Amino acid sequence: IYKFWLIDDSLKSHGVDKNIEDWFHSVIYCVQAGGGRVEDIDAEIIRKFLSEGYLLTVVLTKADQVDEDDEKKLKSVILGELKGLLASKSKGAFNVIATCAEKKKTRAGETQPFGKEEVQKAILDGWKDTIIERLPKHVVAKLCEYVDDWENRQIQMLGTEKISGLAENNASIYQEIEDSAGQLRTDISKVQLKRIFEEAVASCKKADTSLRTTFDIKIESLNNEKVEQESFKWWQYLYVIPVGLLASIPVMISESIQAKSAKRIAEEQHNIEDYIHAVSEHIKGQCQKYESLIAKELKRSL
């Protein structure tokens, strides 16, 4: 349980809502080949990382201690444990690689280190899959944060409004919120989506350069110059999806005592705050629809 708590805590601190430089770009999970089996705890941890959208490579350590038949059996066991989950994953999202870290002399002869290059290749080949899997979610998470900021500002602004205890007298406040929400939707589709996406792509390129430099491999840009010129213009065709959420303002008895009642004013303020929250959640729901569009563009351009 403690181990899972540590993993959950680490995953949250490196989630899609965090800066891309802080992500786990890939995960190496080591299993000793000589064990001949995968413990339940190992399978659960591997499932956890895969379900979070991470590229994962299981490295069979000390593989020189087992023959090829035992190695194949262990690989089959690992793949069997994850069969259901892997069906929904892209090719390259999961690898099992046998390795030997050191040169050894045995009675049968001399064994040479192996597997290092395969592990490096698995990480680099799967890096694109990591981007396609996580970057759209990252963009949407950042858009939702932007909407949350708008919601907080709207609620803070209520402190400057003269709220009536009668809902019908607060129609202008609801209209101001609706107008502001309309501006927010336009801002998201015309400005923020493009900005956040470009920042995310730039961060991915930076991470890609760092990863390839670490492996001392010739750097190849995620996007060539021609792709950069032709793509990343798709947001220009996005249209503003209207919220279509109208304030429900019940008709109440117009009595001045009700309009000035502290209790009724508090109730009305609560109703307005609920309305702001409902608008915010609706806009965030619309932002979720951008995820598939971004993923489609990434697959086309990367």
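Relevant structure appears above.
Residues numbered from 1 in each chain as written. Predicted model: local features only at pLDDT ≥ 70, side-chain atom pairs only at ≥ 80, totals over all residues. Heavy atoms only, no water.

(A) Structural context of the overall build of the chain. For the chain, the helix and strand inventory stands at 10 helices and 5 strands. Every one of the 302 residues in the chain was classed for burial, and the buried ones make up 41%. Excluding contacts between residues fewer than 6 apart, the proportion of contacts in the chain whose partners are at least 24 apart in sequence is 81%. Carbon and sulfur atoms make up 52% of the accessible area of the chain, which amounts to about 17400 Å² in all. (Helix = DSSP H or I, 4+ residues; strand = E, 2+ residues; numbered from the N terminus. Buried < 20%, exposed > 50% of the residue type's maximum accessible area, 1.4 Å probe, protein only. Contact = heavy atoms within 4.5 Å. Areas by Shrake-Rupley, 256 points an atom, 1.4 Å probe, with all protein chains shown as cover.)

(B) View of unusual backbone geometry. Although it is not a glycine, Lys62 adopts a positive phi angle of roughly 55 degrees. You can see Lys62 is positioned in the loop between β2 (56-61) and α3 (68-81). Its relative accessible area of 42% is what places Lys62 among the partly exposed residues.

(C) Quick peek at the state of the cysteines. Enumeration according to the criterion identifies 0 disulfides in this entry. Take Cys144: it sits in no disulfide, and the sulfur closest to it among the cysteines is that of Cys287, at 5.3 Å. For Cys144, a relative accessible area of 12% translates into the label buried. (Disulfide = S-S within 2.5 Å.)

(D) Fine view of the packing of aromatic side chains. Evaluated as defined, the whole model comprises 1 aromatic pair. Both rings, one in Tyr174 and one in Tyr275, keep their centres 5.1 Å apart while their planes meet at 65 degrees; by these two values the pair is edge-to-face. Highlighted residues: Tyr174 in helix α6 (residues 171-214) and Tyr275 in helix α9 (residues 262-288), separated in sequence by 101 residues. Comparing Tyr174 with Tyr275, the two get one shared label, buried. (Phe/Tyr/Trp six-rings, centres within 6.5 Å; stacked < 30°, edge-to-face > 60°.)

(E) Region of the structure containing the pattern of salt bridges. Taken as a whole and assessed by the stated rule, the structure comprises 10 salt bridges. Of the charged contacts in the structure, one is a salt bridge between Lys75 and Glu71, with a shortest N-O distance of 3.2 Å. One end of the pair is Lys75 and the other is Glu71, both in helix α3 and 4 residues apart, which spans about a single turn. Residue Lys75 is classed as partly exposed on the basis of its relative accessible area, which comes to 24%. (Salt bridge = Lys/Arg side-chain N within 4 Å of Asp/Glu carboxyl O.)

(F) Spatial organisation of the nonpolar core. Formed by 34 residues in total, the largest nonpolar core has its most connected members in Leu135, Val139, Leu143, Ile188, Ile272, Ile283 and Ile294. Secondary structure elements with two or more residues in this core: α5 (116-157), α6, α9 and α10 (290-301). Residues in contact with Ile272, not counting those within four places in the same chain, are Leu158, Ile163, Asn170, Ile173, Tyr174 and Ile177. In this structure, Val38, Phe49, Leu56 and Val66 belong to the second largest nonpolar core, which totals 23 residues. (Core = buried A, V, L, I, M, F, W, Y, C linked by side-chain atoms within 4.5 Å.)

(G) Representation of α9 in the model. With 27 residues, α9 extends 39 Å from end C-alpha to end C-alpha; this agrees with the ideal 39 Å at 1.5 Å per step. When α9 is considered as a whole, its buried residues turn out to be Arg264, Glu268, Ile272, Tyr275, Ile276, Val279, Ser280, Ile283, Lys284, Gln286 and Cys287. (Expected span 1.5 Å × (residues − 1).)

(H) Structural detail: the side chain of Lys284. Within the secondary structure layout, Lys284 lies in helix α9. You can call Lys284 buried: its relative accessible area is 13%. There is a polar contact of 2.9 Å between the side chain of Lys284 and the side chain of Glu281. In this structure, Lys284 is in contact with Cys144, Val147 and Asp148, ignoring residues within four places of it in sequence. (Polar contact = N/O pair within 3.5 Å; in protein donor to acceptor, adjacent residues only side chain to side chain.)

(I) Molecular detail of α3. For α3, with 14 residues, the first-to-last C-alpha span of 20 Å sits near the 20 Å given by 1.5 Å per residue. Residues of α3 that are buried: Glu71, Leu74 and Ile78. The buried residues of α3 occupy an angular sector of 65 degrees when the element is viewed end-on, so they sit on one face. Looking at α3, the residues exposed on the side facing more than 90 degrees away from the buried face are Asp69, Lys72 and Lys73. (Arc of directions from axis to C-beta.)

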